[in-house]
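Coordinates in review
Listed below are the residues making up each chain.
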There are 2 protein chains.
Amino acid sequence: MAAPPIPIVGGTGALGFGLALRWASAGAAVVIGSRRAESAEEAAQRLRDAVPGAVVEGVENAEAVTRGDIVVLSVPFRAQSENLTNLKGTLRAGQVLVDATVPLAAAVSGKATRLLGVPQGSAGEQAQEMAPEGVQVVSALHTVSAAKLAELDRTLDEDVLVAGDHAESKGRVAELIRLIPGLRPVDAGKLEAARLIEGITPLLISINARHRARAGIRIAGLEEPKW
Amino acid sequence: MAAPPIPIVGGTGALGFGLALRWASAGAAVVIGSRRAESAEEAAQRLRDAVPGAVVEGVENAEAVTRGDIVVLSVPFRAQSENLTNLKGTLRAGQVLVDATVPLAAAVSGKATRLLGVPQGSAGEQAQEMAPEGVQVVSALHTVSAAKLAELDRTLDEDVLVAGDHAESKGRVAELIRLIPGLRPVDAGKLEAARLIEGITPLLISINARHRARAGIRIAGLEEPKW
């Protein structure tokens, strides 16, 4: 039986589309979600052009999340809350929500090298608070460069820190991450670690600006994790 | 002319002593500071035993900081403020203070996988506020495992994120870091980035506990920095 498709809320954005490209290249089916069905379908067509044979469709976010068990939320922080409100009626118990949101100060016209304080502690914890009961949030995929994902001939070689309160959900998300060659999932603990992980992104933005790079993160001296 | 020695406030602690060992092994002169002169001298003797020919002395913290231009502050967060108060009369304008303090919740009997909120934003910014005028704080050396430093036959291979408001001071600290083989300094921006960098340590503590490792951090995909 084929694995269910991976719905990506905000799949027309740079990170969401980059992930869709990589997953489709790895043979996974993806569903690109967007606020407008036409934008989603347009992105799906771009993906088909880039990855011959890709199994992809583009639909509205609310429709997209019904198509798979593990839903990726990849939207700017300023739109995270609104998206979660809109999805309250469609996300269902038993689903896993992968939150990749980073509360950069850029969300309020500040610098992308600064992190906002989030009342719940982090964007990941906000997602858990706002998600319907029974939906388990896993925080991940904050530090991979969207631009690097989009260059399909570029080899990736970095880690993805994964945080969540439920080991099984984290393990399932780790499997999705491992589908993308060159990405290694690393278990970084409970969901509350999201506030520390989210802080690495503005650091990388600062480092990348200084060094004209698209660097990611690597946990040095860690043998292949148990996943 | 020989380079001035490197004073290490809290040089009898695990991180401070590990750094002293590595710098002494690299041929640098070090001054181990401690609250008690006897403890400092005892640590200096241990270092001489471990590194034949090491140029090292052990003295009280207040004496130690007078011996060099770049002073390393390596104390637990719960003692950082007291140490800085004690050093107000001895630190002098023109010196660089390398702050390696991490405000772990363990300082208040909490978990070492959690970060405390610091009124100034970070331990590094607290150090800058408390240091005498003209002393420039550079935040660095939070993520290197003390245990790994102490195993002199173990090869290091990781990055050290360096933050500070003064490029020249940062550059001088980067030079000290590069003295230790296997450590690469990476410019991570202004001192305010310390709040993000300090958060990586509790993350690593969590990852290390889960994976029985002593991992550090690496900026992946960053060519040799300009330093």
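Residues numbered from 1 in each chain as written. Chains lettered and ligands numbered in written order. Predicted model: local features only at pLDDT ≥ 70, side-chain atom pairs only at ≥ 80, totals over all residues. Heavy atoms only, no water.

Helix and strand content of chain A: nine helices and nine strands. In terms of C-alpha radius of gyration, chain A reaches 16 Å, essentially the compact-globule figure of 17 Å for 227 residues. Overall size of chain A, expressed as C-alpha extent along the three principal axes, is 40 × 40 × 35 Å. Residues classed as buried in chain A amount to 58% of the 227 residues present. The contacts in chain A between residues at least 6 apart in sequence include a share of 73% that link residues at least 24 apart. Accessible area for chain A stands at about 9,300 Å²; split by element, carbon and sulfur atoms hold 50% of it. In chain A, which carries 24 positive and 26 negative side-chain charges, the distance between the mean positions of the two groups comes to 6 Å. (Helix = DSSP H or I, 4+ residues; strand = E, 2+ residues; numbered from the N terminus. Rg over C-alpha atoms; globule rule 2.2 N^0.38 Å. Buried < 20%, exposed > 50% of the residue type's maximum accessible area, 1.4 Å probe, protein only. Contact = heavy atoms within 4.5 Å. Areas by Shrake-Rupley, 256 points an atom, 1.4 Å probe, with all protein chains shown as cover. Lys, Arg positive; Asp, Glu negative; His and termini not counted. Charge placed at Lys NZ, Arg CZ, Asp CG, Glu CD.)

Contact with chain B, which involves 37 residues of that partner, is made by 37 residues of chain A. Counting each side, the surface lost to burial between chain B and chain A is near 2,700 Å², with a carbon and sulfur contribution of 65%. Contact with chain A buries area across many residues of chain B, yet Leu196, Leu203 and Arg210 of chain B alone supply 23% of it, more than any other trio. When contributions to the side of chain B that touches chain A are tallied by element, the ones reaching two or more residues are β7 (158–164), β8 (183–187), α8 (194–198), α9 (200–211) and β9 (216–220) of chain B. No other element matches the eight residues that α9 of chain B contributes to the side of chain B that touches chain A. Of the residues contributing to the side of chain B that touches chain A, the split by class is 19 nonpolar, seven polar and 11 charged. In terms of strand pairing, strand β9 (residues 216–220) of chain A meets β9 of chain B through five bridges, oriented antiparallel. Residue pairing across strands places Ala220 of chain A opposite Gly216 of chain B, the latter belonging to β9 of chain B. (Buried area = accessible area lost by both parts, 1.4 Å probe. Nonpolar A, V, L, I, M, F, W, Y, C, P; charged D, E, K, R; others polar. Pairing = 2+ DSSP bridges.)

A separate point is the packing of helix α4 (residues 77–86) of chain A against helix α5 (residues 123–130) of chain A. Residue and element names in this part refer to chain A. The contact between α4 and α5 brings their axes to 10 Å, and the two run at 15 degrees. Taken together, the axes of α4 and α5 are roughly parallel relative to one another. Considering the relative orientation of α4 and α5, their crossing is right-handed. Contacts between α4 and α5 involve Phe77, Gln80, Ser81, Leu84 and Thr85 from the first element and Ala123, Gln126, Ala127 and Met130 from the second. Looking at side-chain class alone, the contact of α4 with α5 contains five nonpolar, four polar and no charged residues. (Axes fitted to C-alpha atoms, helices over the stretch in contact; angles between N-to-C directions. Parallel < 35°, antiparallel > 145°, perpendicular 65-115°, else oblique. Left-handed = near helix turned anticlockwise from the far one by under 90°.)

It is worth spelling out the sheet that holds strand β1 (residues 6–9) of chain B at this point. All names here are of chain B. Taken together, eight strands build an open sheet; the order of strands is β3-β2-β1-β4-β5-β6-β7-β8 and the sheet is mixed. Whereas interior strands pair on both sides, the edge strands pair on one side only; in this sheet they are β3 (56–60) and β8. Within this sheet the neighbouring strands show an average axis-to-axis angle of 25 degrees, counted without direction. Here four bridges tie strand β4 (residues 70–73) to strand β5 (residues 96–99), and the two strands are oriented parallel to one another.

Right, let's talk about the pairing of β7 of chain B for a bit. All names here are of chain B. When you tally the buried positions in β7, you get seven out of seven residues, the bulk of the element. Across the two faces of β7 the burial is the same, with Glu158, Val160, Val162 and Gly164 and Asp159, Leu161 and Ala163 all buried. The pairing of strand β6 (residues 136–139) with β7 spans two bridges and is antiparallel. Counterpart to Val138 in the pairing with β7 is Gly164. Chirality of the crossover, the property in question, places the unit of β7, helix α7 (residues 167–178) and β8 among those that are right-handed. (Right-handed = clockwise from strand over helix to strand, strands pointing away.)

Attention now goes to the environment of Leu203 of chain B. Along the polypeptide, Leu203 of chain B turns up in helix α9. Leu203 of chain B gets classed as buried once you look at its relative accessible area, which sits at 2%. Each C-alpha atom, one on Leu203 of chain B and one on Thr113 of chain B, is 6.2 Å from the other, the two residues being 90 residues apart in sequence. With sequence-adjacent residues up to four places away left out, Leu203 of chain B is seen in contact with Leu161, Ala188, Ala193, Leu196, Ile197 and Ile200 of chain A.

This part takes up the sheet that holds strand β1 (residues 6–9) of chain A. Across the sheet, which stays open at both edges, the eight strands sit in the order β3-β2-β1-β4-β5-β6-β7-β8 (chain A) with mixed pairing between neighbours. Whereas interior strands pair on both sides, the edge strands pair on one side only; in this sheet they are β3 (56–60) and β8 (183–187) of chain A. For this sheet, the mean angle separating the axes of adjacent strands, direction not counted, is 25 degrees. With four bridges connecting them, β1 of chain A and strand β2 (residues 30–34) of chain A associate as parallel partners. Within β2 of chain A, the position partnered with Val9 of chain A by the bridge is Gly33 of chain A. Contacts between α9 of chain B and the sheet are confined to β7 (158–164) and β8 of chain A, with β8 of chain A contributing the most and set at about 90 degrees to the helix.

So, about the packing of aromatic side chains. Under the definition given, this model contains zero aromatic pairs over all chains. Stacked on the ring of Phe17 of chain A, the Lys or Arg Arg46 of chain A has its end atom at 4.2 Å from the ring centre. (Phe/Tyr/Trp six-rings, centres within 6.5 Å; stacked < 30°, edge-to-face > 60°. Lys NZ or Arg CZ within 6 Å of the ring centre and 35° of its normal.)

Residues and elements named next belong to chain B. Across its 12 residues, helix α1 (residues 14–25) extends 16 Å between first and last C-alpha, which sits within 8% of the 16 Å expected from 1.5 Å per residue. By the criterion of burial, α1 is predominantly enclosed, with 10 of the 12 residues buried. For α1, the set of buried residues is Leu15, Gly16, Phe17, Gly18, Leu19, Ala20, Leu21, Arg22, Trp23 and Ala24. The elements touched by buried residues of α1 are β1, β2 (30–34), α2 (37–50), β4, α6 (146–150) and α7. One or two steps after α1, the chain reaches Gly27, where phi turns positive at roughly 95 degrees. (Expected span 1.5 Å × (residues − 1).)

Bear in mind that shape data such as this cannot, by itself, settle questions of function.
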